[in-house]
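Each chain, letter by letter, is given below.
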Amino acid sequence: MSGPRRAIVVVGAGPRGTGFLERLAANLPELYGDRPLDVHLVDPYPAGPGRIWRTAQSPLLWMNSQAEDVTMFTDESVTIDGPVRPGPTLAEWAGIDGRVFPSRPQQGAYLRWVYDRARAELPPSVTVHEHPTTALRVGGPRDGRQRVWLAGHAEPLVADLVVLALGHLDARPDPGQRDLAAFAARHGLTHLPPDFTADSDLSALPAGEPVLVRGFGLAFVDLMVLLTEGRGGRYEEDGDRLVYVPSGREPVLHVGSRRGVPYHSKIGYEFTGERPPLPRFFGPAEVDALLATGRPVDFRRDVWPLVAKELGFAHYHRLFAAHPERTAVPWRDFEEKYAAAAPLGPELDALVAAAVPDPADRLDLDALDHPLDGVRHDSADALQDGLRRHITDDLTRRHDPAHSPDLAVFGALLSVYGQLLRFGDLGDPGNWWHGFFSFLASGPPGPRLRQLLALSDAGIVRFLGAGVTVEADEERGVFRASSASLPGVWTEARALVEARLPDATVTDTASPLLRALYEEGARATDAGLLAVDPDDGRVLGRDGRPHPRRFALGPPTTARAGGAFTRPRTGGFAFRQNDRTARTALALLRDLSCTTPAPAEPAPTRAEPAPAQAVPAPAAEPAPASLSA
């Protein structure tokens, strides 16, 4: 079949762009046939792994998922209109123990293989063009061909539609970070702003010197690894203890955060027996009802009560099923009254108190979110002992099936996440939900917390506590930190590291493309995410209309899903979005081919100038990694 040659530009060739390419290849025979098509992939990092999973990074850095829990392929659990094309998990592909936590370079190699496989499945009528550079801006009329300007190129790419799969982005420093950077420059100090730890220059943190670290999530874990094992230290087993043997090149890390504790360990056992029937109290019907009101959804007012009841149901279903000796009433009676009780109310609290005698067996979401609230210590050493006990207790609990309701809650968190995708804008300006979800469900592997305890014993890591406050002391020329856990005690250092990922909202992202898209009329949520149609990923304008030729997926958008890859047989939210976007794009291209000839590539008009950055990149700009490396 012949016809005019159409084109797609995909900005971002990492895991999300690769997932879209896989779905494009799967759906193309049905929806587009053998018509000619050009696919332009734009990314300065290697196609497949992209920036985060590139193979050229330290093998000491791990995934926080086990190898058997990582797949890029659809299976029978994924509800899609396109064909299901199964493929191997990371464990199956690499031939490794499915229970290990792979290194990031291993994951990068898997993603590269997935990318190569997706390319190989495209028919000869499709030509893939790789552009190892950065996209700067998208222009073009709603009803016409789009133009994408690239760094280092004077002329834009011209295509019928554009798919943005930008992945995780850098952010411009906010006023607070700019002030800290200026203070550091004035006094000859070191300030490392929020960043992807593998990309940070840690050479500025000298051996033996104190370093204040604000942030206790996964970015801190990477920092901890690179500044210890990455500098030649090692661990030795001593009975059931892990002992750290320093190299002498490590700084001393004083770490604290809002919660003051690390993310919860990954759970180290499998689910057995009956699973909670989810969703139960927060499913499609509840989401439909909230959307049908026509008013903006407020997360705390409208959504959180239902989410809390769903998490509680999963917890108590498992407690009654697996540990009935720790309950005081029959499950049937409890379930009936639980269903009738209002969420987050005194009736529900009284029901739980009467049915579950031990408070330790009850689900207290507020206590989980604020584990150190009201805890005060009278000395720094007492604080260290208290935090070590907390981490040890968490490790023990997360590897003990006697606490299997925790695993049921984990499953409920995933179920809730899938339902929340339908809202787009959650009405959660501080993005609290995502942080809470990550704290409970996306923590480090258990071995990392064993290492943290060993580093604490060795004096390489010191805990600051919860509610950390950082000050810039102009008189003394140092950074100072204190916490609510140890009031009135300050720790001084000449270095401050913000151990968290950049918060790249559409207004403060370092991506000129995303900023320009917003400035020219794309809609953003209160949390700073690019608003897209939850069905097919089309970019929404401020008037609510979806753009017919622009699509966006992944972390900077309301279609962030929960990850470009997922556990096998768990529904694959991102896979559904990729499939729907690919099918919508292919249907549009097919209709264009059938109705109109492909127009000649227009030159930029006065109303749509090429951005200044579109001229060849300056020599000072680092050369991007090759997409074909």
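Keep in mind the model is a prediction, meaning the values are calculated, not measured.

Description of the sheet that holds strand β19 (residues 546-552)
Stage number 1. The 6 strands are arranged β3-β2-β1-β7-β19-β18 in an open sheet whose pairing can be described as mixed. Both outer strands of the open sheet, β3 (126-131) and β18 (538-540), are each paired with one neighbouring strand and no more. Each adjacent strand pair in this sheet contributes to an overall mean axis angle of 30°, direction not counted.
Stage number 2. Where strand β2 (residues 37-42) meets β3, 6 bridges bridge the pair, whose relative direction is parallel.

Quick notes on the layout of surface pockets
Stage number 1. By volume, the second largest pocket is sized at about 610 Å³.
Stage number 2. Taken together, 21 residues form the lining of the second largest pocket, with H264, A367, L368, R397 and D406 sitting closest to its centre.
Stage number 3. Taken together, the elements giving at least two residues each to the lining of the second largest pocket come down to α10 (365-369), α11 (380-398), α12 (405-420) and α13 (432-441).
Stage number 4. Broken down by element, the lining of the second largest pocket gets its largest block of residues, 5 residues, from α11.
Stage number 5. Grouping the amino acids of the lining of the second largest pocket by side-chain chemistry returns 11 nonpolar, 3 polar and 7 charged.

Focus on empty space enclosed by the protein
Stage number 1. Counting across every chain of the model gives 5 cavities of 30 Å³ or more.
Stage number 2. Considering only enclosed or pocket space, the largest cavity measures out at about 220 Å³ in volume.
Stage number 3. Going through the elements one at a time, α12 and α13 are the ones with two or more residues in the lining of the largest cavity.
Stage number 4. Class assignment for the residues of the lining of the largest cavity results in 7 nonpolar, 6 polar and 3 charged.
Stage number 5. Each pocket or cavity is described by its volume, and for the second largest cavity that value is around 70 Å³.
Stage number 6. Together, L192, P193, D195, T197, S200, L202, A219, L223, V497, E498, A499 and R500 line the second largest cavity.

A closer look at the pattern of salt bridges
Stage number 1. In the structure shown here, the tally under the stated rule is 47 salt bridges.
Stage number 2. Close ionic contact of D199 with R51 constitutes a salt bridge, the shortest N to O distance being 2.7 Å. You can see D199 sitting in the loop between β8 (190-192) and β9 (210-214) and its partner R51 sitting in the loop between β2 and α2 (90-94), a full 148 residues away along the chain.
Stage number 3. Taking relative accessible area as the criterion, D199 reaches 28% and is therefore assigned partly exposed.
Stage number 4. We classify R51 as buried; its relative accessible area is 13%.
Stage number 5. Two residues, R186 and E474, come together in a salt bridge whose shortest N-O distance is 2.2 Å. Taken as a pair, R186 in helix α4 (residues 175-187) and E474 in the loop between β14 (469-473) and β15 (478-483) lie far apart in primary sequence, 288 residues in all.
Stage number 6. Where salt bridges share partners, they join R51, R54, D170, D195 and D199 into one cluster.

A word on the sheet that holds strand β12 (residues 252-257)
Stage number 1. The 5 strands are arranged β8-β17-β9-β12-β13 in an open sheet whose pairing can be described as parallel. Edge positions in the sheet fall to β8 and β13 (461-466), since each has one partner strand and no second. The sheet shows a mean angle of 15° between the axes of neighbouring strands, taken without regard to direction.
Stage number 2. Direction of pairing for β12 relative to β13: parallel, over a ladder of 5 bridges. Note on β13: the bridge partner recorded for S257 is A466.
Stage number 3. Strands in contact with helix α5 (residues 218-226) are β9, β12 and β17 (495-498); relative to β12, the strand with the most contacts, it is inclined by about 175°.

Comments concerning the pairing of β9
Stage number 1. Looking at chain direction, β9 and β12 are connected through 5 bridges and run parallel. Counterpart to V213 in the pairing with β12 is V255.
Stage number 2. As paired strands, β9 and β17 are joined by 3 bridges and run parallel to one another. Bridge pairing links V213 to V497 in β17.

Let's talk about the packing of helix α7 (residues 299-322) against helix α8 (residues 331-340)
A pair of packed helices is captured by two measures, namely the crossing angle of their axes and the spacing between those axes.
Stage number 1. The geometry of α7 relative to α8 is characterised by a closest axis approach of 11 Å and an angle of 175° between their N-to-C directions. One way to sum up the angle between α7 and α8 is to call them roughly antiparallel. Where α7 abuts α8, its residues A308, K309, G312, F313, Y316, H317 and F320 lie against W331, F334, E335, Y338 and A339.
Stage number 2. The residue makeup of the contact of α7 with α8, split by class, is 8 nonpolar, 2 polar and 2 charged.

Structural notes on the packing of aromatic side chains
Stage number 1. What the rule picks out here adds up to 30 aromatic pairs.
Stage number 2. Taken together, a centroid distance of 6.1 Å and an interplanar angle of 35° make the contact between W93 and W113 tilted. Placement of W93 in helix α2 and of W113 in helix α3 (residues 104-120) is noted, with a sequence separation of 20 residues between them.
Stage number 3. For W93, a relative accessible area of 30% gives the class partly exposed.
Stage number 4. According to the relative accessible area criterion, W113 is partly exposed, its value standing at 28%.
Stage number 5. Linked through ring pairs, F281, F313, Y316, F320, W331, F334 and Y338 together constitute an aromatic cluster.
Stage number 6. The ring of F271 has R318 sitting right over it, with the charged end atom 4.4 Å from the ring centre.
Stage number 7. Cation over ring: R542 sits above Y518, and NZ or CZ is 4.4 Å from the ring centre.

Observations concerning unusual backbone geometry
Stage number 1. For the bond running from L278 to P279, omega is -5°, close enough to zero to count as cis.
Stage number 2. With respect to the helices, strands and loops of the structure, P279 is situated in the loop between β12 and α6 (284-292).
Stage number 3. In this structure, L344 takes a positive phi of about 55° despite not being glycine.
Stage number 4. Looking at the element boundaries, L344 is found in the loop between α8 and α9 (346-355).
Stage number 5. Phi is positive for R569, which is not a glycine, with a value near 60°.
Stage number 6. Following the sequence through the fold, R569 ends up in the loop between β19 and α16 (573-595).
Stage number 7. With relative accessibility at 56%, the residue R569 sits in the exposed group.

Focus on the nonpolar core
Stage number 1. Ranked by internal contacts, the top residues of the largest apolar core, which has 73 residues, are F220, V303, W304, L420, F423, W433 and L452.
Stage number 2. Considering each element in turn, this core owes the most residues, 9 residues, to α12.
Stage number 3. With residues up to four places along the chain from it excluded, the contact list for L452 reads F216, F220, M224, P262, I391, V461 and F463.

Things to note about the pairing of strand β10 (residues 234-238)
Stage number 1. Pairing of β10 with strand β11 (residues 241-245), which is carried by 5 bridges, proceeds in the antiparallel orientation. Across the sheet, residue E236 finds its bridge partner in β11, namely V243.
Stage number 2. The turn joining β10 and β11, which pair antiparallel and follow one another in sequence, is formed by 2 residues; a positive phi near 65° is taken by G239.

Thresholds applied
Residues numbered from 1 in each chain as written. Predicted model: local features only at pLDDT ≥ 70, side-chain atom pairs only at ≥ 80, totals over all residues. Heavy atoms only, no water. Pairing = 2+ DSSP bridges. Helix = DSSP H or I, 4+ residues; strand = E, 2+ residues; numbered from the N terminus. Axes fitted to C-alpha atoms, helices over the stretch in contact; angles between N-to-C directions. 1 Å grid on protein atoms, 1.4 Å probe; cavity = no way out; pocket = protein on both sides within 12 Å on 5 of 7 lines; lining within 4 Å. Points joined across faces, edges and corners; volume = space filled by probe spheres on them. Nonpolar A, V, L, I, M, F, W, Y, C, P; charged D, E, K, R; others polar. Salt bridge = Lys/Arg side-chain N within 4 Å of Asp/Glu carboxyl O. Buried < 20%, exposed > 50% of the residue type's maximum accessible area, 1.4 Å probe, protein only. Contact = heavy atoms within 4.5 Å. Parallel < 35°, antiparallel > 145°, perpendicular 65-115°, else oblique. Phe/Tyr/Trp six-rings, centres within 6.5 Å; stacked < 30°, edge-to-face > 60°. Lys NZ or Arg CZ within 6 Å of the ring centre and 35° of its normal. Core = buried A, V, L, I, M, F, W, Y, C linked by side-chain atoms within 4.5 Å.

Everything listed here is a matter of coordinates, which is why it stays silent on function.
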